[in-house]
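So the chains spell out like this:
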Number of protein chains: 2
Amino acid sequence: MAIHFELIYEDPKTGARLGRLSTPHGTIETPAFMPVGTLGTVKAMTPEELEALGAQIVLANTYHLWLRPGEDVVREAGGLHRFMHWSRPILTDSGGFQVFSLKERRRIEEEGVYFASHLDGRPLFLSPEKSIAIQNALGADIIMAFDECPPYPADRAYVEASLERTLRWAERSLRAHRRPKEQSLFGIIQGGTFPDLRRRAAKAVVSLDFPGYAVGGLSVGEPKPVMYAMLEETVPLLPRTKPRYLMGVGSPDALIEGVMRGIDLFDSVLPTRIARNGALMTSGGRLVIRNEAYARDFSPLDPACDCYACRHYTRAYVRHLLKSDEILGLRLTTIHNLAFLLRFMADVRRHIRAGTLLEFRDAFYEAYYGRMPAHRGF
Amino acid sequence: MAIHFELIYEDPKTGARLGRLSTPHGTIETPAFMPVGTLGTVKAMTPEELEALGAQIVLANTYHLWLRPGEDVVREAGGLHRFMHWSRPILTDSGGFQVFSLKERRRIEEEGVYFASHLDGRPLFLSPEKSIAIQNALGADIIMAFDECPPYPADRAYVEASLERTLRWAERSLRAHRRPKEQSLFGIIQGGTFPDLRRRAAKAVVSLDFPGYAVGGLSVGEPKPVMYAMLEETVPLLPRTKPRYLMGVGSPDALIEGVMRGIDLFDSVLPTRIARNGALMTSGGRLVIRNEAYARDFSPLDPACDCYACRHYTRAYVRHLLKSDEILGLRLTTIHNLAFLLRFMADVRRHIRAGTLLEFRDAFYEAYYGRMPAHRGF
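Note that the coordinates shown come from a computational prediction; the quantities given were computed from them, not determined experimentally. (Residues numbered from 1 in each chain as written. Chains lettered and ligands numbered in written order. Predicted model: local features only at pLDDT ≥ 70, side-chain atom pairs only at ≥ 80, totals over all residues. Heavy atoms only, no water.)

A. Unusual backbone geometry, seen in detail. The peptide bond linking Thr 30 of chain B to Pro 31 of chain B adopts the cis configuration, its omega dihedral lying at 5 degrees. Mapping Pro 31 of chain B onto the fold places it in the loop between strand E3 (26-30) and strand E4 (32-34). Across the junction of Arg 68 of chain B and Pro 69 of chain B, the peptide omega takes the value 5 degrees, indicating a cis bond. Secondary-structure assignment places Pro 69 of chain B in the loop between helix H2 (62-67) and helix H3 (71-76). The backbone of Ala 44 of chain A sits at a positive phi, close to 80 degrees, despite the residue not being glycine. Position of Ala 44 of chain A relative to the elements: it lies in the loop between strand E4 (32-34) and helix H1 (47-52). On the accessibility criterion, Ala 44 of chain A (0% relative accessible area) is buried. (Helix = DSSP H or I, 4+ residues; strand = E, 2+ residues; numbered from the N terminus. Buried < 20%, exposed > 50% of the residue type's maximum accessible area, 1.4 Å probe, protein only.)

B. Quick look at the pairing of strand E1 (residues 4-10) of chain A. Of the pairings in the sheet, the one linking E1 of chain A to strand E2 (residues 17-23) of chain A comprises six bridges and is antiparallel in character. Its bridge partner being in E2 of chain A, Leu 7 of chain A is matched across the sheet by Gly 19 of chain A. (Pairing = 2+ DSSP bridges.)

C. A look at the UniProt feature "binding site: Zn(2+)" (unreviewed entry) in chain A. All names here are of chain A. As recorded in UniProt, the feature "binding site: Zn(2+)" (unreviewed entry) lies at Cys 305, Cys 307, Cys 310 and His 336. Across 32 residues, the annotated set stays spatially compact, with a maximum C-alpha separation of 8.2 Å. Counting through the fold element by element, Cys 305 comes out in the loop between strand E16 (285-288) and helix H12 (308-312). Overall, Cys 305 belongs to the buried group, its relative accessible area being 8%. Setting aside residues no more than four positions away along its own chain, Cys 305 makes contact with Cys 310, His 336 and Arg 343. Looking at Cys 310, the relative accessible area reads 6%, which means it is buried. Setting aside its immediate chain neighbours within four residues, Cys 310 contacts Pro 300, Leu 301, Asp 302, Cys 305 and His 336. (UniProt positions renumbered as here; feature names shortened; annotations may be inferred. Contact = heavy atoms within 4.5 Å.)

D. Region of interest: the interface of chain A and chain B. In this complex, chain A contributes 38 residues to the contact, which on the side of chain B involves 38 residues. For the pair chain A and chain B, the summed buried surface comes to about 3200 Å²; carbon and sulfur atoms form 58% of the total. Considering only the surface of chain A that becomes buried against chain B, His 320, Glu 326 and Ile 327 of chain A emerge as the three largest contributors, covering 18% of it. Here chain A and chain B share six salt bridges between them. Between Lys 43 of chain A and Glu 326 of chain B there is a salt bridge, with the nearest N and O atoms lying 2.6 Å from each other. Among the elements that line the side of chain A that touches chain B, the one with the most residues is helix H13 (residues 315-323) of chain A, at five residues. Here the side of chain A that touches chain B is composed, by residue class, of 20 nonpolar, seven polar and eleven charged. (Buried area = accessible area lost by both parts, 1.4 Å probe. Salt bridge = Lys/Arg side-chain N within 4 Å of Asp/Glu carboxyl O. Nonpolar A, V, L, I, M, F, W, Y, C, P; charged D, E, K, R; others polar.)

E. Structural detail: helix H10 (residues 252-259) of chain A. Counted residue by residue, H10 of chain A has eight buried out of eight residues, so it is predominantly covered. Listed as buried for H10 of chain A are Pro 252, Asp 253, Ala 254, Leu 255, Ile 256, Glu 257, Gly 258 and Val 259 of chain A.

F. Inspection of H13 of chain A at higher detail. The buried fraction of H13 of chain A is high, at eight of nine residues. Turning to H13 of chain A, the residues buried within the fold contact E16 and helix H14 (327-354) of chain A together with H2 and helix H4 (80-84) of chain B. Looking one or two places after H13 of chain A, you find Asp 325 of chain A, whose phi comes out positive at around 55 degrees.

G. Representation of the UniProt feature "active site" (unreviewed entry) in chain A in the model. All names here are of chain A. When the UniProt feature table is mapped to this numbering, "active site" (unreviewed entry) covers Asp 93 and Asp 267. For this annotated set, covering 175 residues, all C-alpha atoms fall within 10.4 Å of each other, a compact arrangement in space. Put simply, the named residues that line the second largest pocket are Asp 93 and Asp 267. Looking at the element boundaries, Asp 93 is found in the loop between strand E6 (90-92) and helix H5 (96-101). (1 Å grid on protein atoms, 1.4 Å probe; cavity = no way out; pocket = protein on both sides within 12 Å on 5 of 7 lines; lining within 4 Å.)

H. Summary view of the relation of the copies chain A and chain B. Each copy of the sequence occupies a distinct position, and chain A is placed on chain B by a rotation of 180 degrees and an axial shift of 0.0 Å, giving an RMSD of 0.0 Å. A rotation of that kind, with that shift, is consistent with a two-fold axis. Nearest to the rotation axis, the C-alpha of Ile 327 of chain A is located 3.7 Å from it, this being the minimum over chain A. The residues that chain A uses at the interface reappear at the interface of chain B in 100% of cases, marking a shared surface. (Least-squares fit on C-alpha atoms with pLDDT ≥ 70 in both.)

I. Fine view of empty space enclosed by the protein. Per the stated rule, a full pass over the model turns up three cavities of 30 Å³ or more. Lining the largest cavity are 13 residues; nearest its centre among them are Pro 151, Tyr 152, Ala 154, Gly 192 and Thr 193 of chain B. Grouping the amino acids of the lining of the largest cavity by side-chain chemistry returns nine nonpolar, three polar and one charged. The space that makes up the second largest cavity amounts to roughly 40 Å³. Every residue along the wall of the second largest cavity is listed here: Gly 40, Thr 41, Val 42, Met 45, Pro 47, Leu 50, Met 84 and Trp 86 of chain A together with Tyr 317 and Leu 328 of chain B. (Points joined across faces, edges and corners; volume = space filled by probe spheres on them.)

J. Quick look at the packing of aromatic side chains. Residues and elements named next belong to chain A. Under the counting rule described, the total for this entry stands at 36 aromatic pairs over all chains. Taking the centre distance of 6.2 Å and the plane angle of 35 degrees together, the rings of Phe 360 and Phe 364 count as tilted. Here the residue Phe 360 and the residue Phe 364 both occupy positions in helix H15 (residues 357-369), the gap between them amounting to four residues, near one helical turn. Under the relative-accessibility criterion, Phe 360 is labelled buried at 13%. An aromatic cluster of at least three residues, connected via ring pairs, comprises Phe 340, Phe 344, Phe 360, Phe 364, Tyr 365, Tyr 368 and Tyr 369. Here the guanidinium or amino end of Arg 165 rests over the ring plane of Trp 169, the centre of that ring lying 5.8 Å away. (Phe/Tyr/Trp six-rings, centres within 6.5 Å; stacked < 30°, edge-to-face > 60°. Lys NZ or Arg CZ within 6 Å of the ring centre and 35° of its normal.)

K. Local environment of the packing of helix H13 (residues 315-323) of chain B against helix H14 (residues 327-354) of chain B. Residue and element names in this part refer to chain B. Contact geometry for H13 and H14: axes closest at 7 Å, N-to-C directions at 125 degrees. In terms of orientation, H13 and H14 fall into the oblique class. In the packing of H13 onto H14, the handedness of the crossing is left-handed. Together, Tyr 317, Val 318, Leu 321 and Leu 322 of H13 and Leu 328, Gly 329, Leu 330, Leu 332 and Thr 333 of H14 make up the contact between the two elements. Within the contact of H13 with H14, the residues separate by chemical class into seven nonpolar, two polar and no charged. (Axes fitted to C-alpha atoms, helices over the stretch in contact; angles between N-to-C directions. Parallel < 35°, antiparallel > 145°, perpendicular 65-115°, else oblique. Left-handed = near helix turned anticlockwise from the far one by under 90°.)

L. Summary view of the side chain of Glu 49 of chain A. Tracing the backbone through its elements, the reader meets Glu 49 of chain A in helix H1. Beyond its immediate chain neighbours, meaning those up to four positions away, Glu 49 of chain A contacts Ala 44 and Arg 331 of chain A together with Glu 49 and Arg 331 of chain B.

M. Representation of the domain arrangement of chain A in the model. Residues and elements named next belong to chain A. Along its sequence, chain A is carved into domain 1 (4-274) and domain 2 (277-369). One C-alpha centre belongs to domain 1, the other to domain 2, and the line joining them spans 27 Å. Between domain 1 and domain 2, the buried area comes to about 2900 Å², and carbon and sulfur atoms account for 72% of it. There are two salt bridges connecting domain 1 and domain 2. One salt bridge connects Glu 257 with Arg 361, and the closest N-O pair in it is separated by 3.2 Å. Between domain 1 and domain 2 we count eleven residue pairs in polar contact (both at pLDDT 80 or more) in total. If you tally residues by element for the side of domain 1 that touches domain 2, the top one is H10, at six residues. Each residue belonging to the side of domain 1 that touches domain 2 can be placed in one class, and the counts come to 22 nonpolar, seven polar and nine charged. (Domains from an automatic or database assignment. Polar contact = N/O pair within 3.5 Å; in protein donor to acceptor, adjacent residues only side chain to side chain.)

As structure tokens, this is what we get:
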């Protein structure tokens, strides 16, 4: 087995889980957030900096690495871990989400998807077999089945047909997988925002017996209560003993609500992307550092934070760097947001263990969003 | 005295000097190269990374910091050292070079220079008094007199008139200086490519008794032999006991030729700027990492280098990062080029001490440029 998941504790009040996910490149304490390193680098960061912040695993994008530098280059380099100098676990997505984000000139067929490169427009084709072959070449610890992520909103007939195809693609992904002893292939549960389709997808994917399961097709524009409702339909149908991954989620509220619905893994570009736009996640909520108000503010980005950026620099300086398009500005805001979110997840794990997750959630919502949770279902 | 210069050794064969320049923020072993941090940050680097590479002093640009974030913000932050989290020495230029690089809508008068902001075109005015006031607010250890840097080529009448004005501006800079106990004001010797004007400028500036002297207006397009000839006219007229700074020079050949003509300090954006364009300074000469030839080259950027980039990454990976516009690519190439050039200067100091500078120069030229020095004057 390429991975082993140990379920350490389940919170009887919320359903939150503590786990330990062992992979060929090390162990991940769950629930965990995975920073995204699209092209084999978490933007602006070194691997050592990520490790120092407590990142346990990073996600890389199959579609992007297929186009640049090409999976052959990565394989010849000795695999993605060596290529990018990251010795801890890696998860690659299947490319499905990226392909379906490219809405123009895309044609979905049973065999796979025909589409145009976002770089130069040249025609490309991706299928379950191709996606898995690329992921086998990249060599991540966890790889994902090739799926279709339907847009939101989408009508029921479309989502149902898409789901059936995604289930057939899941079987083909399993059959195409050449390195099951080194790489664990996760199945993905789609079904849009239709509860019965979500349940049908969960049962069908689970019947294929993957070593882990992802909930896909959420956080794509639907209201958050809908996302949470879909988790409540899906997660109870997943085996307790296998890891569960909610794809594309990185806002603190959705992380904690996902954890309380039994999710173990999350990924999102959110903390790193908003960092480069100057939006900081702080103990007092979001802070837009480019604002004039911070021009002469010589306090740290977040007084409650002990990250490198907060220890040594002021809001005025970081604002100056971002206004001047300086690379160090992008580095400092990225470091801070990842420090914030990875510490947040460590806090979540600690409060699960202590049985105080609900109290932590309520206090966090009040400090960060200035309100109580909209969903008091626990 | 804000600074103290100790002349440790003069090489009888070449005129190269070893010195120790003490400032309120630490001591610099000379000859030294100063990385440029235009806006209060050496692009892509943290101060800790600079220190680890052996950077002893950085240069910041008065004109740029005046516009953004404004010298008042820097003063309120506690000065530039605190603002940018750099506790070692800083030198600020006078803004003269930047202003004279903006050729459009510029009017030079006796009082100062009227010109338009490169950011938004608004009218600006810089004079010796204004430049020194800004530099006093920034608080660098070494500050520079406000001067005019004539273009190359320029006719003799223009250069002569410019030089006379620069001499008057040097006196005004001295009178305007409000913090001589904390900041040392260096005079600048101009004179274009006219030997007698260079000599006249040197004598006149030296008669004003600055704590250090810069040779300006070189490396602006003239052939290198002309630059070296101008140094040979100028440097012998400078007092042995004071530091000498050749402005805007950062190519290895010009550094070593400058050292052999008695220069102690250099600055240039060259290593950092070409790094961001993917040009690497290596033990085998310049290497353009974006070239297709490196797509599957899994060797280090420079096999002879022990910098962070060369220890952990391959040419193929760094090429991929630069081709993909990834920030980490800019970080790695910048780290490498600064490591290369700062180590080069440490080698130069070591070979001065050992009496083997000429041999080092000849071997370096052959390895780096594939030829012997064009100037065998020593």
